Amino acid sequence: MRDTLERPLRFVTEHNVVVLLVMLLATAGVVAGIGQLQTQSETNASSAVGDTEVAQKLDYIQTNYGGHDNESENVTAVSPAPVYVRSDGGNVLSKAALLDSLRFQRAALENESVAASLGDREPVGVANLIAMRAAGNPDATLDEQIAALESADESEVESLVAESLTEGSQAEALLPGDYEPGTATAESRRILFRFESAGESAAETRTAATAGLYEIAQDREDPEYFTTGEHAVAESNANYSQQTMELIVPVALLAILAVLAFSYRDLVDVIVGFTGVVLSVLWMFGILGWMQIPAGMTLIIGPVLIVGLSVDYGLHVFMRYREERGEAEGIREPMFRGVSSVAVALGLVTVTAAVGFMSNATNEFNVIRQLAFGITLGVVSTFVISLTLVPALKVTIDGLLERVGFDRRKQALGKTRLLEPFLSSGARLAKRAAPVVIVLALVAGSAGAVAWTDLDRQSVQQTNEPIAEWKQDLPGPLGWDTHEYEEQSRYVDEHYRAASEDARRRSQVLLEGEVTSPEALAAVQTVHDAAAAEDAVFQRDGSVPVVSPLSVMQSVAVADEEFAQVYRDADTDGDGVPDRNVEGVYDALYGAAPEEASRVIERTDGDYRSLRVVVPISDAATYTAQGDAMQAVAGSVDADDVSAIAVGAGTLNEAELSQTADSILTTLVIALAAVGLLLTVIYRLATGSASLGAVTVVPITLVLALVVGGMYLLDVPLTLLTALLLSLVIGLGIDYNIHVSDRFAQELERGKTVTGALRTAVTGTGGALLGSTLTSVGAFSALLLHPHPQIQSFGTLVVLALSLSFVVAVFVLPSLLLTWANHGSVDAVRRESAARDAPMAQD
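Now for a quick tour of the structure. Since the structure is predicted, the reported quantities are computational estimates derived from the model, not experimental observations.

Helix and strand counts for the protein chain come out as 30 helices and seven strands. A burial count over the protein chain gives 55% of its 843 residues as buried. Contacts spanning at least 24 positions in sequence make up 79% of the contacts within the protein chain whose residues lie at least 6 apart. Accessible area for the protein chain stands at about 35100 Å²; split by element, carbon and sulfur atoms hold 55% of it.

Dropping the structure here:
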C-alpha cells in the first residue's frame, strides 16, 4: 500500500513549486463556493415522527379530533401581530403616549404591505378605545381619533382611561398581567394588527406586513416600540451567530497558536501548519457551497473540529520529517520518507473518521445529517491538503531559508528531554505489567458502560437564564452582546398571555379505554388538578384554562338549561364530575353543542372511544420542562380501565430522544464493526497481519465506554447532539490508535525489537499526538465559553473524548500491542516486510 503512494508523494516533494501552483488554483476554485453557502438548516426537522407511541397518538388525535383547535392546526383566518409599547419608569397611558401610538398606527398604515394584509380591519389598541370614547363615536376613523385626543386635556384623558380600563373590559388583554384595572398608569401595553392568515398568498403578504411593522417600530425609542415575531427572531439569530464567531473563534485561534508554538517551537513551521489549517476549513465550506448542502450547525462545530484534525495531520507530517532528517541530509528526501511513513496512517484515519461520521448519514434529524456530511467533507479536504500543499510549502520555504544560511533542522516534540520520559512510560508500563494495565482499563471501561442507563436524557438542552455578566464584560469583540430581543421576549413571556389563544403553546392528554365509565371523568379531573401543580403549565389568575370534557360540560350547562339538568342529575355528590349515566351526559352534550363536544370527546359510529384534555403551556417552559410536566400530569391518572398518555412537543421530543438513544447503540456497533473490518483488511494488506487491525480497534470501544462514564460524572446529558458525538468518537479516537499501531508496525519492519518499536512509537508518534491533543483540547475548550448549554456540552465531550483517546493510545494500547506481539504475531509483519524488500528475479 505504501508503494502505491510513493510515486505521487515523490512528485509532491520533487516538484513542490508545481504542486503549490496547482493547489492554489484548486483552492481558488473550491473557495469560490463559499459565496453559495447556505447558512440555515431545518434543525428541528425529523422523519422519525410516527415511529414512537407518542407520535402515533399524535396522529390519532389529528385524525379523530382534526380541525378542532389541536396543537398542530392553530390556524385562523385572521392572526394578530402584536406591537408592544413600553416606557421604563414612565406611563404609556398618558395623553402623549396614547397620541404617539395613534400616530404610529398611521405611519404603519402608510406602509403598503401592512395596509394590504390588514384589509379593512383597523388596529386594536388602548389608544383607539380611549380616542373613540373621546370622539363619542365607536366608528371614528384614525384621523378623527387623533383629533379627538389632541383636543382633550390631560385630566379628561386620565378619566377616560380609568373608566375604560376596568376589570373584564375589552382592553384587559392589551395590558400586562400586573396592571391594576381602573388606574391610569401602566408600564407597557400592546397594539394588535389583525393580519390575514388564510389563503394562498396570505403567508407571503403577512410576512411582508410584519416586516414593515418591525422596521417602523425600530425607529421609535421614547416610548419603546418592539415586536417579537419572526423578523425580531431572525435578527436575534443573526446576532447570535455573529457573537458566537466573535467569542469562540478568537479564543480558539489563540489556544491553537499557543499550542502550535509549543509543539513546533519554530515560527515558520507554525505559519506553514496554520496555512494548512485555514485552507482545510475553507475547502470544507467551499465544497458545502458548491454541493448546496446547508451548513447549519457545521458553521459552529465544523471549523473547530476540522482545525483540530488539520493540526493533528500537520503535526504528524512535520514531526516525522524532523525524525527522518539526518545531519548531512537535504530537505526533499527526508520529507519524502516522512510523508510516505505517515501517509497510510493518515489515509486510514481519514477513511475510519469518515465511516464514524457518516454512520449518521441516515439519521432522522436533518441537523445531524448535515453535520455528518459537512465534517466528512472537511476530513477529506484536510487529508488532501496535508499530503500535498503542506509538505510542498514546507519544502519550498525551508529550501529558500537554508539557501540564505538558516539551519532548518529541528527536534521532534516527543524526543525532547522533558517529554520523552513521560511518553515512554507507556512502553515501560507495558513491559512491566501489561496484564495489569489491560485489566484495569477493562474494569474502568465496564464501569463507564454501566453508566449508560443512568445518563440524564434531554431532547434539546435549553435555558431561559440570562447570559452570565462576566461573559458580557469581556473586553472588545470577545464580550457577548445580548440582543435586545432576548430581554424583550422574556418581558412579554412574564407579563402577557398570548395575543391569540390559537397561538398559545399546548400539550394534550389522551385518555382511552372505558371512557363512558365514571372513572374516566374522575381521571379527567385528576388531570385538571395535576396540571395546576406544574410550573410549566400556563396559569391565568391562579387557575389553568384547561379544555376538557368537564370544562366544556360546565360552559355548555351555563347556556343550555336542558343539558344543565342532565349534567346535574348525573353529578350525585355535587363536585362537578358526573358519577353516573356518563354515556347519557355525552349524548346530551353532543345534542346541545356538537362542535364543542367533538373537540374533547371522540365519537365514532355512535361509540365513545377516547377523551382529550388540552393543557396550555407556559411560553417560558423548555421542551424538557414541558415534557417532564406533562408526563407527570398523565402519570397522575390511576385507573384500572382508563389509560392516559401525554402528547405534545415536549413528550414527542422525549420519545424521539429515547428512540435515538436506543438506536445510537446499534449505530455504534455497526460503525465499530465496519471500522474493525476495514482495519483488519487494510492491515493485512499493508503489514501482513490482520490481527493488528483488530487490536487497533479494541481501544476505541474502551474510549467510548470511558466517555459515557465521563458524561455521567460531569452531568452532561444525552441529547440529540451529544448522541451524535458518541458516534464521532469513533472517527476522532481511532486516529490516535492508528498512528501508534502503524508506527509500531513500521519499526518492527525496520528490525527493531518489540520493546524498542513500542518506545519509538510512543515517543516519536506520541509526541505528535500530544501536540494534537493539546491543540484540539484548547480549541474545543473555547466552546465552554459559549452561553448555550448544548454547545458547552458538545465542547466538554470532545475535550473528554480526545483526552481519553490520547491516554488510551499512549498508556493502554502499548500493553495490548505487547500482548499481541508475545503471541507470535510479529513474525507475520516481518515476513511481509522481507517479501516486500526482496529483489525481484531477473530473466
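Our focus in this paragraph is the environment of Pro 578. Residue placement: Pro 578 occurs in the loop between α21 (561-570) and α22 (582-592). Along the sequence, Pro 578 and Arg 568 sit ten residues apart, while their C-alpha atoms lie 7.7 Å from each other. Once you skip the residues sitting within four places of it in the chain, Pro 578 turns out to touch Pro 518, Leu 521, Leu 550, Met 553, Tyr 567, Ala 570, Asp 571 and Val 585.

What follows covers a nonpolar patch on the surface. A grouping of Phe 11, Val 18 and Val 22 is seen on the molecular surface, where their side chains present a nonpolar patch of about 260 Å² in accessible area. Within the element layout of this structure, Val 18 appears in helix α2 (residues 16-31).

This part covers the side chain of Glu 747. Topologically, Glu 747 is positioned in helix α27 (residues 720-749). Among residues more than four places away in sequence, those in contact with Glu 747 are Lys 752, Ala 757 and Thr 760.

Here we come to the sheet that holds strand β5 (residues 601-604). Sheet strands associate in pairs through backbone hydrogen bonding, adopting either a parallel or an antiparallel arrangement. Across the sheet, which stays open at both edges, the four strands sit in the order β5-β6-β4-β7 with antiparallel pairing between neighbours. This sheet does not close on itself; its edge strands, each paired only once, are β5 and β7 (642-647). This sheet shows a mean twist of 25° between the axes of neighbouring strands, independent of strand direction. Pairing between strand β4 (residues 506-513) and strand β6 (residues 607-616): seven bridges, direction antiparallel. Bridge pairing in β6 places Gln 508 opposite Val 614. Sheet contacts for helix α3 (residues 53-64): β4, β5, β6 and β7; angle to β7, the most-contacted strand, approximately 95°.

Reading the values: rules and limits
- Residues numbered from 1 in each chain as written.
- Predicted model: local features only at pLDDT ≥ 70, side-chain atom pairs only at ≥ 80, totals over all residues.
- Heavy atoms only, no water.
- Helix = DSSP H or I, 4+ residues; strand = E, 2+ residues; numbered from the N terminus.
- Buried < 20%, exposed > 50% of the residue type's maximum accessible area, 1.4 Å probe, protein only.
- Contact = heavy atoms within 4.5 Å.
- Areas by Shrake-Rupley, 256 points an atom, 1.4 Å probe, with all protein chains shown as cover.
- Patch = residues over 30% accessible without salt bridge, like charges linked within 9 Å, V, L, I, M, F, W, Y side chains within 5 Å.
- Salt bridge = Lys/Arg side-chain N within 4 Å of Asp/Glu carboxyl O.
- Pairing = 2+ DSSP bridges.
- Axes fitted to C-alpha atoms, helices over the stretch in contact; angles between N-to-C directions.

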